[in-house]
Amino acid sequence: MEYLEFEQPIKELQEQLESCKVVGEENGVDVKQACKQIEVAIEDSKKKIYSNLTPWQKVQLSRHPSRPYSLDYIYQITDNTFLELHGDRNFGDDKAMVGGMGKINGIPFMIVGQQKGKNTKERQYRRFGMPNPEGYRKALRLMKLAEKFNMPIITLMDTPGAYPGLEAEERGQGEAIARNIYEMMNLTVPVISIVIGEGASGGALGIGVGNKVFMMENTWYSVISPENCSAILWRSWDFKEQVASQMKMTPNDMLELKIIDGIIKEPLGGAHYDPATAAENLKNQILKSYDELSKLPGAELKKQRQDKFIAMGEFSG
């Protein structure tokens, strides 16, 4: 387990617990009571730390290297019935965007999501979860395929943004994202969108136009990352924590602003502490939302989605 800076008290207690167990095994001493006290202290420390997270700490948790990514959740919630589909039928297959069909409790879904890597080689292969235009075009192809066969759609957002490279711009990055937003507004099947990690900019919104939009508990959703916002305002990353607190980017902020429909609970300490429980919570929310949306006809689903996003940003003076 890797620990973030604010998790150091938990790390120290965890090391004490390991030492306690080793002492007991090596010396044949009954240390159950001592270990139990440390376990209680660990639990208390977790509750104290994770119940008072700052927005910046939530950003850090959303990027935790041990956090489950899209494919981890997909295989878990579909009981390994997921069949990945590839390519945009135009340029190539973007490894930063994954998608395919899978069954959740026997119900077929089309699932699309951004995928990060778990080690250096895989991160380069997945481009750190930053899709190229062909990634968004692949996602759109799969969503139109789902519409053709009247299949509900799930999208999982986890990206620091769309890939900003020269080649991406040459192949129409902005157009690809804009086209996805336009086409998703007009889909006649249920669309459930969930931020499972980082929800940054148009890179996330390119697959984020849903009838229901949710965020997992330790995630963020914003037009820009705190570091880049700080760099624009002060030409330095030094103010990223201050910026994170002011950007209203946490799940609670998004729910209050009516940008999302709900928050999906994570295990104490974050999804990486208990990926199976996190996946189960995600699955339950998907099925609950699908049960509501499946009762609506296609035209109503389309209108509800459009009205939802048109209403964002309205305010009274």
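Fair warning: this is a prediction, and the values are worked out from it, not measured in the lab.

Draft legend 1. The overall build of the protein chain, seen in detail. Helix and strand counts for the protein chain come out as 14 helices and eight strands. The C-alpha atoms of the protein chain give 21 Å as radius of gyration, which agrees with the globular expectation for 317 residues (20 Å, within 12%). With respect to the principal axes defined by its C-alpha atoms, the protein chain has extents near 70 × 50 × 45 Å. Looking at the protein chain as a whole, 50% of its 317 residues are labelled buried. Here the analysis covers contacts within the protein chain between residues at least 6 apart in sequence; of these, 73% occur between residues at least 24 apart. When the accessible surface of the protein chain is totalled, it reaches about 15,500 Å², and 52% of it is carbon and sulfur. For the protein chain, the distance from the average position of its 39 positive side-chain charges to the average position of its 43 negative side-chain charges is 5 Å.

Draft legend 2. Structural context of the side chain of lysine 283. Note on placement: lysine 283 falls in helix H13 (residues 275-293). No salt bridge is formed by the buried lysine 283; its nearest oppositely charged neighbour, aspartate 79, is found at 4.4 Å.

Draft legend 3. Local environment of the packing of aromatic side chains. Tallied over the full model, the rule gives four aromatic pairs. Plain terms: the ring middles of tyrosine 75 and phenylalanine 82 are 5.7 Å apart, the flat faces sit at 80° to each other, and that makes the pair edge-to-face. Positioned above the aromatic ring of phenylalanine 91 is the side chain of arginine 171, whose terminal nitrogen or guanidinium carbon lies 4.1 Å from the ring centre.

Draft legend 4. Quick look at the nonpolar core. Within the largest apolar cluster, 30 residues are counted, with the highest numbers of intra-cluster contacts made by Met110, Tyr136, Ile153, Ile207 and Tyr221. Breaking this core down by element, the ones donating at least two residues are strand E3 (107-114), helix H6 (133-148), strand E4 (153-159), helix H8 (173-185), strand E5 (191-200) and strand E6 (212-216). It is H6 that contributes the most residues to this core, five residues altogether. Setting aside its immediate chain neighbours within four residues, methionine 110 contacts Leu85, Gly100, Met101, Leu142, Leu145, Ala146, Met151, Pro152, Ile153 and Ile154.

Draft legend 5. Structural view of the packing of helix H4 (residues 70-77) against H13. Following both chains from N to C, one finds H4 and H13 inclined at 70°, their axes separated by 9 Å at the closest point. Taken together, H4 and H13 sit at an angle that is classed as roughly perpendicular. Crossing angle aside, the handedness with which H4 passes H13 is right-handed. On H13, the residues touching Tyr73, Gln76 and Ile77 of H4 are Ala276, Ala278, Ala279, Leu282, Lys283 and Ile286. Taken together, the residues that form the contact of H4 with H13 break down as seven nonpolar, one polar and one charged.

Draft legend 6. Representation of H4 within the structure. The set of residues buried in H4 consists of Ser70, Leu71, Tyr73, Ile74 and Ile77. The buried residues of H4 occupy an angular sector of 160° when projected down its axis, which confines them to one face. The positive-phi residue at the C-terminal boundary of H4 is aspartate 79, with phi of around 50°.

Draft legend 7. Molecular detail of the pattern of salt bridges. In the structure shown here, the tally under the stated rule is 20 salt bridges. Several salt bridges share partner residues, and in doing so they unite Arg137, Lys144, Glu147, Glu175, Arg179 and Glu183 into one network.

Draft legend 8. How the structure looks around the pairing of E4. Extensive coverage of E4 is indicated by the burial of seven of its seven residues. As paired elements, E3 and E4 share four bridges and run parallel to each other. Bridge pairing in E4 places valine 112 opposite threonine 155. Across six bridges, the pairing between E4 and E5 is parallel. Each residue of the ladder has a partner; that of threonine 155, found in E5, is serine 193.

Reading guide: rules and limits
- Residues numbered from 1 in each chain as written.
- Predicted model: local features only at pLDDT ≥ 70, side-chain atom pairs only at ≥ 80, totals over all residues.
- Heavy atoms only, no water.
- Helix = DSSP H or I, 4+ residues; strand = E, 2+ residues; numbered from the N terminus.
- Rg over C-alpha atoms; globule rule 2.2 N^0.38 Å.
- Buried < 20%, exposed > 50% of the residue type's maximum accessible area, 1.4 Å probe, protein only.
- Contact = heavy atoms within 4.5 Å.
- Areas by Shrake-Rupley, 256 points an atom, 1.4 Å probe, with all protein chains shown as cover.
- Lys, Arg positive; Asp, Glu negative; His and termini not counted.
- Charge placed at Lys NZ, Arg CZ, Asp CG, Glu CD.
- Salt bridge = Lys/Arg side-chain N within 4 Å of Asp/Glu carboxyl O.
- Phe/Tyr/Trp six-rings, centres within 6.5 Å; stacked < 30°, edge-to-face > 60°.
- Lys NZ or Arg CZ within 6 Å of the ring centre and 35° of its normal.
- Core = buried A, V, L, I, M, F, W, Y, C linked by side-chain atoms within 4.5 Å.
- Axes fitted to C-alpha atoms, helices over the stretch in contact; angles between N-to-C directions.
- Parallel < 35°, antiparallel > 145°, perpendicular 65-115°, else oblique.
- Left-handed = near helix turned anticlockwise from the far one by under 90°.
- Nonpolar A, V, L, I, M, F, W, Y, C, P; charged D, E, K, R; others polar.
- Arc of directions from axis to C-beta.
- Pairing = 2+ DSSP bridges.

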